Amino acid sequence: MENDTKTGYDAIGPCKIKEKGGFKAASFIYALVALENMGSVANMVSLVLYFFLKMHFDLSGSANTLTNLLGSTYLLSVVGGFISDTYLNRFNTCITFGILEVLALLMMTIQAHNESLQPEACGKSRCVKGGIAVMFYASLCLLALGTGGVKGSLPPLGAEQFDSKDPKESKALASYFNWLLLSSTIGSSIGVTVLVWVSTSNNNNGWWKGFLIISITTFVGYVFLILGKPFYRLEVPGDSPIIRIAQVVVVAIKNRGLSLPENPNELHEINEKEFVSAEAKIAHTEQFRCLDKAAILGENAKPTPWTVCTVTQVEEVKVLTRMLPIIASTILLNTCLAQLQTFSVQQGSLMDRRLGSFQVPAPSVPVIPLAFIMILVPIYEIIFVPFARKITKHPSGITQLQRVGIGLVLSAISMSVAALVEVKRKNQFLKNPTKPISLFWLSFQYAIFGIADMFTLVGLLEFFYKEAPAGMRSLSTSFTWISLSFGYFLSSVFVDIINSVTKRISPSKKGWLYGQDLNKNNLNLFYWFLAILSCLNFVNYLYWATWYKYKTEDTANTSGMDKSPSISGVPLIKPAEIEVSKTTNGGSTVDPTQEISWKNNQVFESDQAM
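Quick summary incoming for the structure in this document. This structure is a prediction, so every number in the text was calculated from the model and none was measured.

**Observations regarding helix α13 (residues 367-392)**
The sharpest bend along α13 measures roughly 40° and falls at Tyr 380. Taken together, the buried positions of α13 are occupied by Ile 368, Pro 369, Leu 370, Ile 373, Val 377, Tyr 380, Glu 381, Val 385, Ala 388, Arg 389 and Thr 392. Backbone geometry just after α13 places Lys 393 at a positive phi near 65°.

**Re the pattern of salt bridges**
Within this structure, the stated rule accounts for 11 salt bridges. In this structure, Asp 85 and Arg 90 form a salt bridge, with 3.2 Å as the shortest nitrogen-oxygen distance. For the pair Asp 85 and Arg 90, one class covers both residues: buried. A salt bridge links Glu 235 to Arg 90, with the shortest nitrogen-to-oxygen separation between them at 3.5 Å. In this pair, Glu 235 sits in the loop between α8 (207-227) and α9 (241-254) while Arg 90 sits in helix α5 (residues 90-113), placing the two residues 145 residues apart along the sequence. Residue Glu 235 is classed as buried on the basis of its relative accessible area, which comes to 18%. The class of Arg 90 is buried, set by a relative accessible area of 4%.

**Digging into the nonpolar core**
Leu 154, Tyr 176, Leu 225 and Phe 526 are the most contacted members of the largest nonpolar core, which totals 130 residues. Among the elements that line this core, the one with the most residues is helix α2 (residues 22-53), at 18 residues. Those residues in contact with Leu 225 that sit more than four places away from it in its chain are Ile 29, Leu 32, Phe 91, Cys 94, Ile 95, Leu 154, Leu 157 and Tyr 232. One finds Val 248, Val 251, Ala 294 and Cys 309 within the second-largest nonpolar core, a separate group that totals 12 residues.

**Section: the packing of aromatic side chains**
In total, this model carries 29 aromatic pairs according to the counting rule given. Its end group placed over the ring of Trp 481, Lys 151 keeps NZ or CZ at 5.2 Å from the ring centre. Above the face of the Phe 91 ring, Lys 229 is positioned so that its terminal group lies 5.9 Å from the ring centre.

**Thoughts on unusual backbone geometry**
Unusually for a residue other than glycine, His 56 sits at a positive phi of about 60°. Position of His 56 relative to the elements: it lies in the loop between α2 and α3 (59-75). In this structure His 56 comes out as partly exposed when scored by relative accessible area, which is 24%. The phi angle at Phe 288 is positive, at roughly 55°, despite the residue not being glycine. Inspection of the secondary structure assignment puts Phe 288 in the loop between α9 and α10 (311-329). For Phe 288, a relative accessible area of 27% gives the class partly exposed.

Analysis parameters
- Residues numbered from 1 in each chain as written.
- Predicted model: local features only at pLDDT ≥ 70, side-chain atom pairs only at ≥ 80, totals over all residues.
- Heavy atoms only, no water.
- Bend = angle between axes of the 7 residues up to and from the residue.
- Helix = DSSP H or I, 4+ residues; strand = E, 2+ residues; numbered from the N terminus.
- Buried < 20%, exposed > 50% of the residue type's maximum accessible area, 1.4 Å probe, protein only.
- Salt bridge = Lys/Arg side-chain N within 4 Å of Asp/Glu carboxyl O.
- Core = buried A, V, L, I, M, F, W, Y, C linked by side-chain atoms within 4.5 Å.
- Contact = heavy atoms within 4.5 Å.
- Phe/Tyr/Trp six-rings, centres within 6.5 Å; stacked < 30°, edge-to-face > 60°.
- Lys NZ or Arg CZ within 6 Å of the ring centre and 35° of its normal.

Here's what the structure looks like:
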């Protein structure tokens, strides 16, 4: 009997694999996402006040400390993605980094509770020093590493519960990312209301209680993740994606003097019988032809990894290279997001926060876009996607790049609205400082950006997962978080540059964002600056989205594929090719009644292994 050696999941037959995965397995991941985001998002919107009021950073210092923390967190998602693709499976990677995350939160709880571990106000931009600084920055570093590692491995862990080669599961995969966002939003809504209220209550002396609750909920989330292990499909880590990329680059340089064959079929590729990956071969493309030289096998040369690469391996590098401009085009959107988590929160602290007799914490304003998302995600998934599918024949309704484009437009609008609201706030302050405008004026910019985030975040996660080579999906999915990371770092850079430049040219010799009093600053001009840049960035994105060529599989190896026609020649509005598979796992017909021999040691991971 012929062996089925599809790179898969557990050391069991396809019938058992089919019983695993799906939304039953994903439900445990949704639970972790909700509980973990309950704390992480509460920290995102409130830590700027913790740094400002308890750690005694100045206005720009507290904003930059938070954006640097968030930037580091998302940048370190690459570490989690790389480890889960290469050394540990995604489940074990989540647990490992989750331990670090909980430890960091406990350290923050201890420091917030013990006043002797907090600095005295000094009137400088930073007051933390000595042992206090060591504990403060150590906890932030651990938090960034732990949270980042989980973000790099958790979304693809959920995505691998659905087989993109099965038409039904392919649609479910698109839905998975939408429900993942909804789970995150539900947890975030509780975080920015209940947890923020606990942290800022009692005259901003409840921070340790907030951090303690976050520690407990995060721990419970990982307990849910562990309980779901019997239901998961766990992929075996493969070759190092960095080594595979390096091989293509090195061999291409070695072969730079060789001429490319006129027929791409003459390039080196292993035959179908030797091809054991669960994914089909990737078809050759004409972009980046210089890399094709890595697939030229020289005369009398033996096909070893550092002398020749396969066409599929070269195309993997091309796919990642084509993704780079898309990543770069979304960085500015996340710079705009950083303002809503820093300066907009500080704006809210100067506004009328009364809701009847209740005093609304300024960091709780983001509940407004979260409420919009909780309403819009089910509408989008249940109504819009089925309707759009009938028109576009795309499993997700519209392409991932379309979703991202809509988000970029809305982010520019959000920054424009933010500038107008700040002008209104300052004008009212000048007229009557005792009667500030309502906090809920900020809801406009938050609501618009919340919708933008709904389109962009899910679009990028699905885009990077589906377009990525099989062995690089965690690493590729972490590109979404890299964009966020660079966006936060760019925010810090912009704040410093704007302050430096405007200090020299302004009559007052003070920067737009100088000092600790927003009423004496020009935050509205900074918002306009970002709005204009966002418009220019959208034009840049349109070019690269049009240029991008979607990954296609080798038709010789995917005979069952049903390719739907393109709406136009522009990839931005091109429906993805619908992959049709004969079985839930892999592309071969399997009769469950037949006796099948499995090559467990080569391509499967034991269901009992951690």
